[in-house]
Amino acid sequence: MTLSRFSHSGKRCPSSYNILDNSKVVSEECRRQLTALFNHYYPIETDPQRPVEEKLPHMVEWWTRAHELLCGQRIPRLQIAEVVRESGAMLREGYETFFDTLHQHDIPLFIFSAGVGDVLEEVIRQREVLHPNVHIVSNYMDFGDDGLLQGFKAPLIHIFNKNSSAGGSASYFRQLQGRTNILLLGDSLGDLSMADGVPRVQDILKVGFLNDKVEEQRERYLDAYDVVLENDETLDVVNGLLRHVLSLADSEDERGS
């Protein structure tokens, strides 16, 4: 719900997990159990009164139980693309400009997702913006020789451990040692740690999308993020920031030459 929309025309848009939950590859009983998990754990995740430390074991339990349910469905790898095509998943308005601008200027786009990596990657691929500069760390499915889902690859990535401790991120961060500035986009307070572990960072501009429970969470978001966007389903502000930063860089290059 950072690069993807939270809602459209008053209706909640699906997350990468929801895309699977609501598809034909998941049984009604499994869908019912996944919904029950969401109804139990989501209020814990978004409870402004609970510290992150208290939420952590609940998030691990939620993700673990959801993965076990999905594995029981023996989902075929070959159906992932079709499931995504038939879903209501939507990237935020202006996503083409965002992805293409970063690609054209050779700026790495690192996507930390607590969702399903295979689904997220397919969403981006079908929108034709999965450029070579995009690197994704997420919960990727593990398919058996028969092409059916048998598990999820370690480590487990949930909403509050998206940082350098996650597998695949530390080595990638080391490749970015020459880059000292980060534009961090997130939709939860757990996203604030995503840049932890990037070496020699000088400046981080943090943009937060406040999608849900706006009144209850506004103050905490304003304290944590540099820019807070409430109920904004676009990337207009982010693209504007990119244009400004890149224009400044071009001006400096011209003066230097």
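Preceding block: the structure.
This write-up is about the structure you can find in this document. Note that the structure is predicted; figures quoted are calculated from it, not measured. (Residues numbered from 1 in each chain as written. Predicted model: local features only at pLDDT ≥ 70, side-chain atom pairs only at ≥ 80, totals over all residues. Heavy atoms only, no water.)

Okay, the environment of Leu109 next. Looking at the secondary structure, you find Leu109 in strand β3 (residues 109-116). Each C-alpha atom of the pair Leu109 and Ala89 lies 20 Å from the other, and the pair is 20 residues apart in sequence. Setting aside anything within four residues of it in sequence, one finds Leu109 in contact with Phe98, Phe99, Leu102, Asn133, Val134, His135 and Tyr172. (Helix = DSSP H or I, 4+ residues; strand = E, 2+ residues; numbered from the N terminus. Contact = heavy atoms within 4.5 Å.)

For β3, the buried fraction is high: seven of the eight residues fall into the buried class. With five bridges joining them, β3 and strand β4 (residues 134-139) adopt parallel strand pairing. Considered in β4, the bridge of Ile111 is made with Ile136. As a crossover connection, the stretch from β3 through helix α6 (residues 117-126) into β4 is right-handed. (Buried < 20%, exposed > 50% of the residue type's maximum accessible area, 1.4 Å probe, protein only. Pairing = 2+ DSSP bridges. Right-handed = clockwise from strand over helix to strand, strands pointing away.)

Moving on, we get to the packing of aromatic side chains. Under the defined criterion, the tally for this structure stands at seven aromatic pairs. Residues Phe98 and Phe99 carry aromatic rings whose centres are separated by 5.7 Å and whose planes lie at 90 degrees to one another, so their mutual orientation is edge-to-face. Side by side, Phe98 and Phe99 carry an identical accessibility label, which is buried. Feature note: the residues Phe38, Tyr41, Tyr42, Trp62 and Trp63 constitute an aromatic cluster, connected by ring pairs. Above the plane of the ring of Tyr42 lies Arg12, whose end atom (NZ or CZ) is 5.6 Å from the centre. In this structure, Arg92 packs its charged tip against the face of Phe209, placed 3.9 Å from the ring centre. (Phe/Tyr/Trp six-rings, centres within 6.5 Å; stacked < 30°, edge-to-face > 60°. Lys NZ or Arg CZ within 6 Å of the ring centre and 35° of its normal.)

What follows deals with helix α3 (residues 52-71). Taking 1.5 Å as the rise per residue, α3 with 20 residues should run 28 Å; its terminal C-alpha atoms sit 28 Å apart, in good agreement. Of the positions making up α3, those classed as buried are Lys55, Met59, Trp62, Trp63, Ala66, His67, Leu69, Leu70 and Cys71. Contact partners of the buried residues in α3: α1 (16-21), α2 (28-45), β3, β4 and β6 (149-152). (Expected span 1.5 Å × (residues − 1).)

What follows is about unusual backbone geometry. With an omega of 0 degrees, the peptide bond between Ala154 and Pro155 qualifies as cis. Locating Pro155 in the fold gives a position in the loop between β6 and α7 (169-174). Although it is not a glycine, Arg74 sits at a positive phi angle of roughly 50 degrees. For Asn231, which is not glycine, the phi torsion reads 50 degrees and is therefore positive. Following the sequence through the fold, Asn231 ends up in the loop between β9 (227-230) and α9 (236-256). Asn231 sits in the exposed class, given a relative accessible area of 53%.

Right, let's talk about the nonpolar core for a bit. A general tendency of soluble globular proteins is for nonpolar side chains to be buried together. With 54 residues, the main nonpolar core has Leu20, Leu70, Phe98 and Phe99 as its most contacted residues. No other element matches the seven residues that α3 contributes to this core. Look past the residues within four positions of Phe98 in its chain and what remains in contact with it is Leu3, Leu109, Leu185, Leu235, Val238, Asn239 and Leu242. With 16 residues, the next largest nonpolar core counts Ile157, Tyr172, Leu184 and Val214 among its residues. (Core = buried A, V, L, I, M, F, W, Y, C linked by side-chain atoms within 4.5 Å.)

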